[in-house]
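Here is what each chain is made of, one letter per residue.
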Number of protein chains: 2
Amino acid sequence: MDAADVAVVKVASAIGEPARASMLYALLDGRARTSTELAMLAEVSPSTASVHLDRLKGERLVTVVAQGKHRYYSLNGPRVAYVLEGLSVLAGARPTEFTPSTPDALVTARSCYDHMAGHLAVRLHDHFRAMKWLSSHATHRGMNYEVTPAGASALTRLGIDVAGARSRRRQFARACLDWSERRPHIGGALGAAILDAALKKKWVTRELDSRALRVTVIGRSELRSRFGIESTA
Amino acid sequence: MDAADVAVVKVASAIGEPARASMLYALLDGRARTSTELAMLAEVSPSTASVHLDRLKGERLVTVVAQGKHRYYSLNGPRVAYVLEGLSVLAGARPTEFTPSTPDALVTARSCYDHMAGHLAVRLHDHFRAMKWLSSHATHRGMNYEVTPAGASALTRLGIDVAGARSRRRQFARACLDWSERRPHIGGALGAAILDAALKKKWVTRELDSRALRVTVIGRSELRSRFGIESTA
DNA sequence: TCCATAGTTTGATGATAATCAAAGTATGCC
DNA sequence: GGCATACTTTGATTATCATCAAACTATGGA
């Protein structure tokens, strides 16, 4: 086994332990969490959690920021999120696809690192494309989107900070393949702006300690009237 | 930890053990291998290899086909290959980027499950696109390619079985993001046909027990004269 | 300065997993 | 039928890893 494989084994075995996996998947919603919170989520003692987090940090799966006595842990970038999603698909388990069967909840909506993923995200993507608010162009990195003039005004009227997304030093908008839906949703800065707007307008809310997003009553109404997207129960 | 995470832990920990990882990465070149071969590659005894392979089979990472007394193991589809490549990237190791520094070897060429990946594959992709032998169209699954009429005759003249690729019950041609190059190469049935043709014409040969492909003297000459692709030493 | 809180380090304990040799099973060939 | 080969199963051994409580360190507030 060469040196490269040794590194892979360390990364895979770091993920392949129940407590550490719990913590990693808990961070998949893109939010930072303290070590004490992660200990509780993983159902281990703070000392156990501390050792595990040190291991994850050593393998560059998480980053930590200290603020006073608190230590805030986050996933170390979208590539980690990508592999975790891939492992979920490989395991045959859908990452948090089922939301509680209340009439307001969309069957599948979740935050994928910093943007929306799931059924709702795919439907929004399809709608924006159908309305020709996005144009696509192939690049060496996959398919990217640009916002058309009509799309710019429509999305801005929806409260989506298109200009702010454009000014960020990151990819503006790209097709992000949705592992659970097997179809694209919108990633990049625009994808993050869309999630921000949906949260601000309270069309969706975050589930506590979960990547799932819950579609609110208001959200359901707005999504139906604006986009023709029905939530199914 | 919910049931989904338990499944993920089993998959990740199955990968995260040196002997099993060796066997998985040995299979990443898309060829089937016997359990005895894999035992040798992983430097464990046949009995140890047998138990490990049983574990990998249990987690659906490999499939096995018995032919007489031989057991041939393969990766269980491109999705497994995809996650293994993703783990390699995450681990910071490049999958077999360096070939021995003989003057004939291209720096980066390897087989990725059933098609060619690496620098050469990316250059071929770029050339075929530049010659407009491929047209692209975005689908809900990413970017796909179609062969133009000019491309069909040119590729067929190159010995690439375009018609055979088209008749297969799988995706004809798609942009497959090359993890090491970060640019697309050609996947799908056409990608496999291209690798087949390159092997048949002896432009490339397989390295023994490796995913690396070696560009032959003939291959280097043909690639330069036909496509303007130089191999660098 | 003292106390509470957050988090880390240490040492002991128990569980789990990988390893192999030996024995066993199945297949193929003569 | 007998022998060789490929592979599996079993039991014993060893190493590794996760766990926690206790002690310790760092930070923040009164």
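Note: the structure precedes this text.
Residues numbered from 1 in each chain as written. Chains lettered and ligands numbered in written order. Predicted model: local features only at pLDDT ≥ 70, side-chain atom pairs only at ≥ 80, totals over all residues. Heavy atoms only, no water.

Colleague: What am I meant to see in the pairing of strand 3 (residues 70–75) of chain B here?
Modeller: Look at any regular strand and the pattern is simple: side chains alternate between the two faces of the sheet. Residue and element names in this part refer to chain B. Pairing between strand 1 (residues 33–34) and strand 3: 2 bridges, direction antiparallel. Bridge pairing in strand 3 places threonine 34 opposite tyrosine 72. With 6 bridges joining them, strand 2 (residues 62–67) and strand 3 adopt antiparallel strand pairing. Bridge pairing links threonine 63 to serine 74 in strand 3. As consecutive antiparallel partners, strand 2 and strand 3 are separated by 2 residues, and within that stretch glycine 68 has a phi angle of approximately 65°, a positive value. (Pairing = 2+ DSSP bridges. Helix = DSSP H or I, 4+ residues; strand = E, 2+ residues; numbered from the N terminus.)

Colleague: Before we go on, may I ask you to explain the nonpolar core in this structure?
Modeller: General note: in soluble globular proteins, nonpolar side chains tend to be found buried as a group. Residues Ile15(A), Leu61(A), Leu87(A), Ile15(B), Leu61(B) and Leu87(B) are the most contacted members of the largest nonpolar core, which totals 56 residues. If you look at the next biggest cluster of nonpolar residues, it comprises 33 residues, including Ala173(A), Ala193(A), Leu213(A) and Ile229(A). (Core = buried A, V, L, I, M, F, W, Y, C linked by side-chain atoms within 4.5 Å. Buried < 20%, exposed > 50% of the residue type's maximum accessible area, 1.4 Å probe, protein only.)

Colleague: What am I meant to see in the protein's contact with DNA strand D here?
Modeller: What surrounds DNA strand D is a group of 19 residues, the closest being Thr48(A), His52(A), Gly68(A), Thr36(B) and Ser50(B). Expressed as a percentage, the sugar and phosphate content of the atoms of DNA strand D within 4 Å of the protein is 83%. Arg20(A) is positioned such that a nitrogen or oxygen atom in its side chain is 2.8 Å from a phosphate oxygen of DNA strand D. Arg71(B) places a main-chain nitrogen or oxygen 2.8 Å from a phosphate oxygen of DNA strand D. Those elements that place two or more of their residues in the surface near DNA strand D are helix 4 (46–58) of chain A together with helix 3 (35–42), helix 4 (46–58) and strand 3 of chain B. (Near = heavy atom within 4 Å. Polar contact = N/O pair within 3.5 Å; in protein donor to acceptor, adjacent residues only side chain to side chain.)

Colleague: Teacher, can you tell me more about helix 6 (residues 119–130) of chain B here?
Modeller: Two residues of an α-helix separated by three or four positions point the same way, owing to the 3.6 residues in each turn. Residues and elements named next belong to chain B. For helix 6, built from 12 residues, the straight-helix expectation of 16 Å at 1.5 Å per residue is met to within 8% by its first-to-last C-alpha distance of 16 Å. The complete set of buried residues in helix 6 reads Leu120, Ala121, Val122, Leu124, His125, His127 and Phe128. Of the residues one or two after helix 6, lysine 132 is the one with positive phi, at around 60°. (Expected span 1.5 Å × (residues − 1).)

Colleague: Honestly, the sheet that holds strand 2 (residues 62–67) of chain A in this entry has me stumped. Any pointers?
Modeller: Either a parallel or an antiparallel arrangement is found when strands of a sheet pair, and the pairing is made through backbone hydrogen bonds. Judged by pairing direction, the sheet is antiparallel, and its 3 strands sit side by side in the order 1-3-2 (chain A) without closing on themselves. Each of the sheet's edge strands pairs with one partner strand only, and the pair in question is strand 1 (33–34) and strand 2 of chain A.

Colleague: Looking at this structure, how should I read the protein's contact with DNA strand C?
Modeller: Taken together, 19 residues lie near DNA strand C, and Thr36(A), Ser50(A), Thr48(B), His52(B) and Gly68(B) sit nearest. When the atoms of DNA strand C within 4 Å of the protein are grouped by moiety, sugar and phosphate amount to 82% of the total. One of the side-chain N or O atoms of Ser35(A) is found 3.0 Å from a sugar or linking oxygen in DNA strand C. Measuring from a sugar or linking oxygen of DNA strand C, one finds a backbone N or O atom of Lys69(B) at 3.4 Å. Of all elements in the fold, only helix 3 (35–42), helix 4 and strand 3 (70–75) of chain A together with helix 4 of chain B reach the threshold of two or more residues within the surface near DNA strand C. In terms of residue class, the surface near DNA strand C is made up of 3 nonpolar, 11 polar and 5 charged. (Nonpolar A, V, L, I, M, F, W, Y, C, P; charged D, E, K, R; others polar.)

It is worth stressing that arrangement in space is one thing and function is another; only the former is reported here.
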